[in-house]
Amino acid sequence: MKKRTHNDSPKVTTKDKLMAYLTLFALIVVVTVAVFWIQGYHMGSSVSLTSDEIKTPVDPSLVCMVNDAYMGVAQIPVPVNGKTYYGCCQGCVDKLNNLESARIAIDPYSGNPVDKSEAYIVLMNPQGAVAYFESEINYSAFKKN
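Residues numbered from 1 in each chain as written. Predicted model: local features only at pLDDT ≥ 70, side-chain atom pairs only at ≥ 80, totals over all residues. Heavy atoms only, no water.

1. Digging into the pairing of strand 4 (residues 83-87)
- The pairing of strand 3 (residues 76-80) with strand 4 spans five bridges and is antiparallel. Bridging across to strand 4, Pro 79 finds its partner in Thr 84.
- The antiparallel pairing of strand 3 with strand 4 creates a hairpin that spans two residues between the two strands, and Asn 81 there sits at a positive phi of about 50°. (Pairing = 2+ DSSP bridges. Helix = DSSP H or I, 4+ residues; strand = E, 2+ residues; numbered from the N terminus.)

2. Some details on a nonpolar patch on the surface
- Residues Leu 24, Leu 27, Ile 28 and Val 31 make up a contiguous nonpolar surface patch of about 370 Å² in total accessible area.
- Considering the arrangement of structural elements, one finds Leu 24 in helix 1 (residues 14-43).
- Relative accessible area serves as the criterion here: at 46%, Leu 24 is assigned to the partly exposed category. (Patch = residues over 30% accessible without salt bridge, like charges linked within 9 Å, V, L, I, M, F, W, Y side chains within 5 Å. Areas by Shrake-Rupley, 256 points an atom, 1.4 Å probe, with all protein chains shown as cover. Salt bridge = Lys/Arg side-chain N within 4 Å of Asp/Glu carboxyl O. Buried < 20%, exposed > 50% of the residue type's maximum accessible area, 1.4 Å probe, protein only.)

3. So, the nonpolar core
- Core analysis: the largest hydrophobic core is formed by 19 residues, its most contacted members being Val 63, Met 65, Tyr 70, Ile 121, Val 130 and Tyr 132.
- Contributions of two or more residues to this core are made by strand 3, strand 4, helix 2 (90-98), strand 7 (120-123) and strand 8 (130-133).
- Dropping the residues within four chain positions of it, Ile 121 is found in contact with Thr 56, Pro 57, Val 58, Pro 60, Val 63, Met 65, Lys 116, Val 130, Ala 131 and Tyr 132.
- Judged by nonpolar contacts, the second largest core, of five residues, contains Tyr 120, Val 122, Ala 131 and Tyr 139. (Core = buried A, V, L, I, M, F, W, Y, C linked by side-chain atoms within 4.5 Å. Contact = heavy atoms within 4.5 Å.)

4. Topic: unusual backbone geometry
- Its identity as a non-glycine residue notwithstanding, Asp 68 has a phi of 50°, on the positive side.
- As for its placement among the helices and strands, Asp 68 is situated in the loop between strand 1 (63-64) and strand 2 (69-70).
- At Asn 81, a position not held by glycine, the phi torsion is positive, near 50°.
- Its place among the elements puts Asn 81 in the loop between strand 3 and strand 4.
- The class for Asn 81 is exposed, based on a relative accessible area of 72%.

See below:
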């Protein structure tokens, strides 16, 4: 019986290394795409909207105020300092309770900060993105521009 020595070990070719790197790269791409798809699915609106519904005011209780997205169904009410905000999940509830920045938006017309619980909320695109205005007057002026 012949003893195996270090020199008898199988040789790793450049082709083998290349295949290993390509396999690793493909795995990383698949995982990255899966993560972004899952995040996008969670954060996006769960409804599709018609062109007639776009640029119309919406009921605040149907908006996730953390993701700034119209969800089409009642959201979780989050009372903070006597005002009610809405979130789509426990993570959003936590953010609304703990981060003032989650409760404030910038009016696209005036550039002023606006409390999301008091805002005039309007659908802005078919994906359900919303904008927060200080008033209906600001929104009307925004539409004219």
